[in-house]
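# Understanding the architecture of this molecule
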Amino acid sequence: MLKPRINVFKAGEALLAAKKEVVNHCVEKAKSEGSSLPAAEKKGARFFLKFAKMRYGLSEATTAQYVRVYKRFVDSRHRAEMEALFNAGELAVLAAYSDDDLTEIVSAKAADPSLTRNQIKQLLKTRQAA
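Basis of the calculations
- Residues numbered from 1 in each chain as written.
- Predicted model: local features only at pLDDT ≥ 70, side-chain atom pairs only at ≥ 80, totals over all residues.
- Heavy atoms only, no water.
- Helix = DSSP H or I, 4+ residues; strand = E, 2+ residues; numbered from the N terminus.
- Rg over C-alpha atoms; globule rule 2.2 N^0.38 Å.
- Contact = heavy atoms within 4.5 Å.
- Areas by Shrake-Rupley, 256 points an atom, 1.4 Å probe, with all protein chains shown as cover.
- Lys, Arg positive; Asp, Glu negative; His and termini not counted.
- Charge placed at Lys NZ, Arg CZ, Asp CG, Glu CD.
- Buried < 20%, exposed > 50% of the residue type's maximum accessible area, 1.4 Å probe, protein only.
- Polar contact = N/O pair within 3.5 Å; in protein donor to acceptor, adjacent residues only side chain to side chain.
- Core = buried A, V, L, I, M, F, W, Y, C linked by side-chain atoms within 4.5 Å.
- Phe/Tyr/Trp six-rings, centres within 6.5 Å; stacked < 30°, edge-to-face > 60°.
- Expected span 1.5 Å × (residues − 1).
- Arc of directions from axis to C-beta.
- Axes fitted to C-alpha atoms, helices over the stretch in contact; angles between N-to-C directions.
- Parallel < 35°, antiparallel > 145°, perpendicular 65-115°, else oblique.
- Left-handed = near helix turned anticlockwise from the far one by under 90°.
- Nonpolar A, V, L, I, M, F, W, Y, C, P; charged D, E, K, R; others polar.

### Observations concerning the overall build of the protein
Scanning the protein from terminus to terminus reveals 7 helices and 0 strands. Against the compact-globule benchmark of 14 Å for 130 residues, the protein has a radius of gyration of 18 Å, which places it well outside the compact range. The principal-axis extent of the C-alpha atoms belonging to the protein is close to 55 × 40 × 20 Å. Here the contacts in the protein between residues at least 6 apart in sequence split such that 54% fall between residues at least 24 apart. Accessible surface for the protein amounts to roughly 8400 Å². Of this, 54% is attributable to carbon and sulfur atoms. Across the protein, 23 positive and 15 negative side-chain charges occur, with their mean positions spaced 7 Å apart.

### Details of the side chain of Glu-90
Positionally, Glu-90 belongs in helix 5 (residues 88-94). Overall, the relative accessible area of 5% leaves Glu-90 in the buried class. One polar contact links Glu-90 to Lys-109, side chain to side chain, over a distance of 3.2 Å. Residues contacting Glu-90, with those up to four places away along its chain left out, are Leu-85, Lys-109, Leu-115, Thr-116, Arg-117 and Ile-120.

### Quick notes on the nonpolar core
Grouped together as the largest cluster of nonpolar side chains are 27 residues, with contacts concentrated most on Phe-73, Met-82, Phe-86, Leu-91 and Leu-94. Those elements giving two or more residues to this core turn out to be helix 1 (8-33), helix 2 (37-56), helix 3 (60-73), helix 5, helix 6 (99-111) and helix 7 (117-129). With sequence-adjacent residues up to four places away left out, Phe-73 is seen in contact with Phe-9, Arg-79, Met-82, Leu-91, Leu-94, Ala-95 and Leu-102.

### Description of the packing of aromatic side chains
Under the counting rule described, the total for this entry stands at 1 aromatic pair. Where Phe-51 meets Tyr-56, the ring centres are 5.9 Å apart and the plane angle is 90°; that geometry is what we call edge-to-face.

### As for helix 2
An α-helical turn contains 3.6 residues, so any two residues separated by three or four positions project in the same direction. Spanning 20 residues, helix 2 covers 28 Å between terminal C-alpha atoms, matching the ideal 28 Å at 1.5 Å per step. Taken residue by residue, helix 2 has Ala-40, Gly-44, Phe-48 and Ala-52 as its buried positions. Along the axis of helix 2, the buried positions cluster into a sector of 115°, meaning they face one direction only. In this structure, helix 2 carries Pro-38, Lys-42, Lys-50, Lys-53 and Met-54 as exposed residues pointing more than 90 degrees from its buried face. Where the residues of helix 2 are buried, they touch helix 1 and helix 3. The opening residue of helix 2 is Ser-36, an N-cap whose side-chain oxygen sits 3.3 Å from the backbone nitrogen of Ala-39.

### Let's talk about the packing of helix 1 against helix 2
Relative orientation of the contacting elements helix 1 and helix 2 amounts to 140°, with a least axis distance of 8 Å. By the angle between their axes, helix 1 is oblique relative to helix 2. For the pair helix 1 and helix 2, the sense of crossing is right-handed. Two secondary-structure elements touch here, helix 1 through Leu-15, Ala-18, Lys-19, Val-22, Val-23, Cys-26, Val-27, Ala-30 and Lys-31 and helix 2 through Leu-37, Ala-40, Glu-41, Lys-43, Gly-44, Ala-45, Phe-47, Phe-48, Phe-51, Ala-52 and Tyr-56. Of the residues contributing to the contact of helix 1 with helix 2, the split by class is 15 nonpolar, 1 polar and 4 charged.

### Some points on helix 6
In this model helix 6 runs 18 Å from its N-terminal to its C-terminal C-alpha over 13 residues, within 8% of the 18 Å that 1.5 Å per residue would give. All of the buried residues in helix 6 are Asp-99, Leu-102, Ile-105, Val-106 and Lys-109. Here the buried face of helix 6 lies against helix 3, helix 4 (79-85), helix 5 and helix 7.

Everything listed here is a matter of geometry and, on its own, says nothing about what the molecule does.
Structure (structure tokens):
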């Protein structure tokens, strides 16, 4: 049975908002108590990861991946295509590349939606070697 496709952008947006809220709460509490702010930020991040696990059943790695992908592509000129064409794993691979680097990859995926993550990686290696 296939897992339902996750909209990484919606999930990432919701997770980032939750993370900000949890971390801000911990920081404000630390300020009122005169406690260490960096320690409060770390504590908030840990609470957030536990929340994501309990509320959504997401592992720490998946939670971090969704937030990272959302932050990387939220303002990308390719966002609409990225959202429509690529799955979470593919987006995680592509997050390390600039929009300019991705133009060719987006076009290739649009032309051949069956392009796999490994094929995408190969295209990126070929592009870097050129």
